[in-house]
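Listed here are the chains, written in short residue letters.
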Amino acid sequence: MPRLDARSGAAALALVAALSLTAALGASCAGTPAAQRGATTCPPLCPTASQPTSPSPAAPAGPVVPGAAGEAPVFDPERLTPVLSDPRLAQVQRFVEMEAYASATTALAQVLASPLPPEDAAAFRYQLGRLRALAGDPLGAAREYDAAAAAGGPLADHARFAAADLLAKAGQPDAALERARAVASDVAIADEVDRILAGALADKGDIEAAAAHWHAYLGRSWPASTWVPEALRFARALLRHPSEARAEEAIRIARRVIDEAPGGAGAGEAKEIREKALATLPFARRKPFLDPGPADLLARARALLASRQDKEALAVADALVALPEAQAPSAFACDAFAARGEALGRLRRRAEAADVYGVAIERCGPAAPAAPAGDGAPAASAGAAGAGAPAPRRPETLYNAGRASLRVDRHAEAAARYSLLEKEYPDHRLADDARYLGARALLALGDQAQFVQMLTAMPDDFPSGDMVADGLFELALFEMERDGWAGAVRPLERALARFPHERAYHAAGRLPYYLGRAHIETGSPDKGKALLEQVIRDYPLSFYMALAHARLAELDPAAAERALAAAMERDASAPYTELRSPAFAHPAFARAVELARQGEARLARRELDLLGVGSRTAPREVMWASAFLLARAGALPQSYSILRTAMAAPAGDGAELAGEWVDHYPVGRWRAAWELAYPRPFAAIVAAETKRSGIPEALAYAIMREESAFDPRVASHAQAYGLMQLIVPTAKRMAKPLGLPWSAEALRRPEINVALGCRYLSVLRNQFSDNPLLAIPAYNAGGGAPKRWIAERPSQSFDLWVERIPYPETRLYTKRVITSLAVYELLYAGAQPGEALRTPLPASPAARSAVANAAP
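Below is a summary of the structure that appears in this document. Keep in mind the model is a prediction, meaning the values are calculated, not measured.

Definitions and limits used
- Residues numbered from 1 in each chain as written.
- Predicted model: local features only at pLDDT ≥ 70, side-chain atom pairs only at ≥ 80, totals over all residues.
- Heavy atoms only, no water.
- Axes fitted to C-alpha atoms, helices over the stretch in contact; angles between N-to-C directions.
- Helix = DSSP H or I, 4+ residues; strand = E, 2+ residues; numbered from the N terminus.
- Parallel < 35°, antiparallel > 145°, perpendicular 65-115°, else oblique.
- Left-handed = near helix turned anticlockwise from the far one by under 90°.
- Contact = heavy atoms within 4.5 Å.
- Nonpolar A, V, L, I, M, F, W, Y, C, P; charged D, E, K, R; others polar.
- Disulfide = S-S within 2.5 Å.
- Buried < 20%, exposed > 50% of the residue type's maximum accessible area, 1.4 Å probe, protein only.

**Comments concerning the packing of helix α29 (residues 587-598) against helix α30 (residues 601-609)**
Where α29 meets α30, the axes come as close as 8 Å, and the angle between the chain directions of the two elements is 165 degrees. Relative to α30, α29 is oriented roughly antiparallel. Classified by chirality, the crossing of α30 by α29 is left-handed. Along the contact surface, α29 presents Ala-588, Phe-589, Arg-591, Ala-592, Leu-595 and Ala-596, while α30 presents Leu-603, Ala-604, Glu-607 and Leu-608. Its residues assigned to classes, the contact of α29 with α30 comprises eight nonpolar, no polar and two charged.

Here it is, written out as structure tokens:
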């Protein structure tokens, strides 16, 4: 496979991903003749085979269909076709899939040599510009973009921008300036024009004009991969035009990179720039940079913590707490010691962190006394908090101090800190969190009575608290774990009455599920089975729906089958609803459509954000259409994140999509929404490797979705790489029998990563043959962890066992992956329940059997 350089890799992967997803979507409805579509394969909000398609043959070819007089236009997802899916470009598409971009440009140029309709010629020219850039021909790409801009259409300004960017990088600043200045101000990329103008002006030697554009550009919010290189470029340009003022500005820019770039990206070069700039300054102007004041040091510590540079943050915090200003209670001293505690905790020096937080509490000062009624005196500002005055962040410090104590099992200390928070700040947003965690700390100390009392009172004490459901559920779990099922009924009923339909993935359906279990265990099987059927009906393919189906199937297989069939039949018969919105006539949406067709996912998303997609203020029709557009552009994570984030949206949210798909099974009009949220990229690789390793395809996709969001080049803070997020030592063990490479770079190749990840899953499943689902927490926490937890709780049911996984990350991960597994099994593997819906009732049937056999 040809190697990609850093500049072209992302664009190339987007092209390939777009083509892959187009094929995957084509398997459902898009591009399929109406006569071949059935109710189970049609996307949501598109006609089924029994419904005539509304547009006449003379209707426009694009996905936006004008409405009748007085009506808004309609978005028809079936009419959206990527440029490279055009039959005339079949050979071009094949070359792109092989990443043979030079050959692809030759083939596309031959197509353009023939007469074409103007719209097609403009679209093909734009695509040819993309391909020439990927083939390493920037000047040729700029010429094609110029031609596309001259042809007009929705992407004329994007073509001008692309040409300007390429020409600037090719050392032609005058040509770059001409094109950049011609970009209209109302397109989404207008705020990126400052970057091109700054670089081109700097190349011409006009540092003052360049600096103005760099200031404008860097004053906006950008990903680190964008702003860090540009900031360094600005700093280097300043040093090429020496003056004391420019040297000082270069130092400030370098310091920003050193402190704020995630993981220290670019820090090495930034330090070199800083040292060069410092060397040009006289001592009087150099001294403030060498000896920053307390406020600057505190800002540095916070920036380093925010950028996950924990060792560097600790070094700065050490200096902070040694300052005279930190030796007596004040807002500054509070924040300084809190920063040190946070840094120590992140570096796993947890006992020290708990101790330092104790000092931070003391340095925060006492709580402010309640103001007399009608006093009206303003609260002291952060800057006015002197000795003895309470620090503004005292409640957050108390909360973090309690968490630090819990991490080292200092439960009495944690309970005291949480109690202090609740007593001093009963109306604070963290007060109910403190009640919940404080009660758990007391339970760990054996004070069951106080635990029960504190959680029982939560609904009355915190009428608006967001932790009330968790508190009541924790109380019910306490009863269920000791087989006190009768005692679990009341807290579950109270929680369900107050929170009748939880949406968050880790909680959706938990209250009716466990209430159903409690009724069954206490001799009311009919009430219990009805609640399990309710979970199957109302929480499609959630973690608790899978548990409910498995438990009901154990009690009454026919009832489980009927409940699932009835829910799917209900959702399959949902009537067709058009996607209709005035926003579809907006120029930004027209640009987004064309960019999606070109495979320009990032640029399409920027145009959609002009319509409120990023802020989630867009109408639901626009949100759904945006998800489809981004999927077609190859932006899988961005596409399904629009649908996925809606799962926890509050009821009544104007952009809420949860009520439009998560509450329905993936049949009829709802199917394609699920397909967008749960796609199957790299299908040929996954099919081959799952077969070789003997694991279900659905499991590989479920792991991939949660581990990497299908980004093959992603790397985690823990140095896990690629689609299935493998660390190098694990990859090495898996690779040797297969004769595959296992380096960090190799793990970014889908065919390598999927092969090794599937083999690792196979190894883990073989270790838990009585319950293969235990391979899921093992994949996250290591194979030894579930074995240890099974040994500690050998007879526990799987549902309660998952609730008590001691690592919060692994507990939530297990629920997410089983949810995804249930979806992939039902969506793609047929109507028969798969592993997720046939979850073993015991966590380990073998361990439970062994305990039973050992009993006298």
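Let us keep going from here.
**Overview of the state of the cysteines**
All chains considered together, the criterion is met by one disulfide. For Cys-334, the disulfide goes to Cys-364, at an S-S distance of 1.9 Å. Residues Cys-334 and Cys-364 are joined through a disulfide that is right-handed, its torsion about the S-S bond being 50 degrees. Taken together, the residues span a long stretch of sequence, with Cys-334 in helix α16 (residues 331-346) and Cys-364 in helix α17 (residues 350-364) at a distance of 30 residues. An identical accessibility class is assigned to Cys-334 and Cys-364; each is buried.

**So, the side chain of Thr-814**
With respect to the secondary-structure elements, Thr-814 resides in helix α42 (residues 808-828). Those residues in contact with Thr-814, other than ones at most four positions away along the chain, are Ile-776, Pro-777, Val-802 and Ile-805.

**Some points on the environment of Gly-516**
Mapped onto the elements of the fold, Gly-516 is located in helix α25 (residues 510-521). It is 9.8 Å that separates the C-alpha atoms of Gly-516 and Leu-492, two residues lying 24 residues apart in sequence. Not counting residues within four places of it along the chain, the set of residues in contact with Gly-516 comprises Gly-528 and Leu-531.

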